[in-house]
Amino acid sequence: MLQIQDTLVSLDLVERFFCCDLAACKGQCCLDGDAGAPLEPGEAEEIKRVLPEIWDDLLPGAKREIEESGVSYIDSEGDEVTSLVEGCNCVFATLDDNGNWLCALESAYRQGRINFYKPISCHLYPVRIKRYDSFTAVNYHRWGICKAAEVLGRAKGIRAYKFLEGPLRRRFGDAWYEELALTCEEYLKTYPQ
């Protein structure tokens, strides 16, 4: 683990290679899992605020689920997460013409229709954040559906912490990321390749 300010960062974030490969995985992370995407405090309210702007982009089952249960729920661990369609895909997952699952929130953001990107947990994936009393753990989540991203990352020479620079800066700030990048560079000088 690396200590960066009040966080402990998994060495996997430094040592592993990663670069999303949507052509290979088809956005499977929007479908699989044991719960919806974890939400930070205030994110459900942001989603509710922009919901009218993305409503027509959502799948019929997602609209029904939101009308019946809302945009989020409390999961078995007591965390607020995005709602799921029939216990499977995130209500904000949509299909493109190539059969890829995409986030309706992110698509609308990229089109300039809304100013909320998407939940930070989705933006950070495969990083998962866990808060403890005295520190925050920044962990790399290994999942079989992301194997193609690890292969592509290795082929391109992109370490996970570099691929995730934008979301890490969004979540922890520029000073934190600069400290992480410097620490990673120093660590990699001694890490056996």
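Quick caveat, the model's predicted, so the values are computed rather than measured. (Residues numbered from 1 in each chain as written. Predicted model: local features only at pLDDT ≥ 70, side-chain atom pairs only at ≥ 80, totals over all residues. Heavy atoms only, no water.)

Draft legend 1. Quick peek at the overall build of the protein. Counting secondary structure elements, the protein contains 10 helices and 10 strands. Taken over the C-alpha trace, the protein has a radius of gyration of 17 Å; the compact-globule value for 193 residues is 16 Å, and the two agree within 12%. Its C-alpha atoms give the protein principal-axis dimensions of about 55 × 40 × 35 Å. Taken across its 193 residues, the protein has 43% of its residues classed as buried. In the protein, once contacts between residues fewer than 6 apart in sequence are set aside, the share between residues at least 24 apart is 65%. (Helix = DSSP H or I, 4+ residues; strand = E, 2+ residues; numbered from the N terminus. Rg over C-alpha atoms; globule rule 2.2 N^0.38 Å. Buried < 20%, exposed > 50% of the residue type's maximum accessible area, 1.4 Å probe, protein only. Contact = heavy atoms within 4.5 Å.)

Draft legend 2. The pairing of strand β9 (residues 127-131), seen in detail. Inspection of the sheet shows β9 paired to strand β10 (residues 136-140) by 5 bridges, in the antiparallel sense. What sits directly across from V127, in β10, is Y140. What sits between the antiparallel neighbours β9 and β10 is a turn of 4 residues. (Pairing = 2+ DSSP bridges.)

Draft legend 3. Main features of the packing of aromatic side chains. Inspection of the entire model under this criterion finds 5 aromatic pairs. Taken together, a centroid distance of 6.3 Å and an interplanar angle of 85 degrees make the contact between F18 and Y140 edge-to-face. Here Y140 lies in strand β10 and F18 lies in the loop between α1 (12-15) and α2 (22-25), a separation of 122 residues in the sequence. Each member of the pair, F18 together with Y140, is buried. Joined through ring pairs, the aromatic side chains of F18, Y140 and F163 make up one cluster. Just above the ring of Y132 sits the side chain of K130; from NZ or CZ to the centre is 6.0 Å. One cation-aromatic arrangement involves R171 over F172; the distance from NZ or CZ to the ring centre is 4.6 Å. (Phe/Tyr/Trp six-rings, centres within 6.5 Å; stacked < 30°, edge-to-face > 60°. Lys NZ or Arg CZ within 6 Å of the ring centre and 35° of its normal.)

Draft legend 4. Up close: the environment of V85. With respect to the helices and strands, V85 occurs in strand β5 (residues 84-85). We classify V85 as buried; its relative accessible area is 13%. For the pair formed by V85 and E46, sequence separation is 39 residues and the distance between their alpha carbons is 20 Å. The contacts of V85, once residues within four sequence positions are left out, are G61, A62 and V91.

In short, the description is geometric, and any link to function would need to be established separately.
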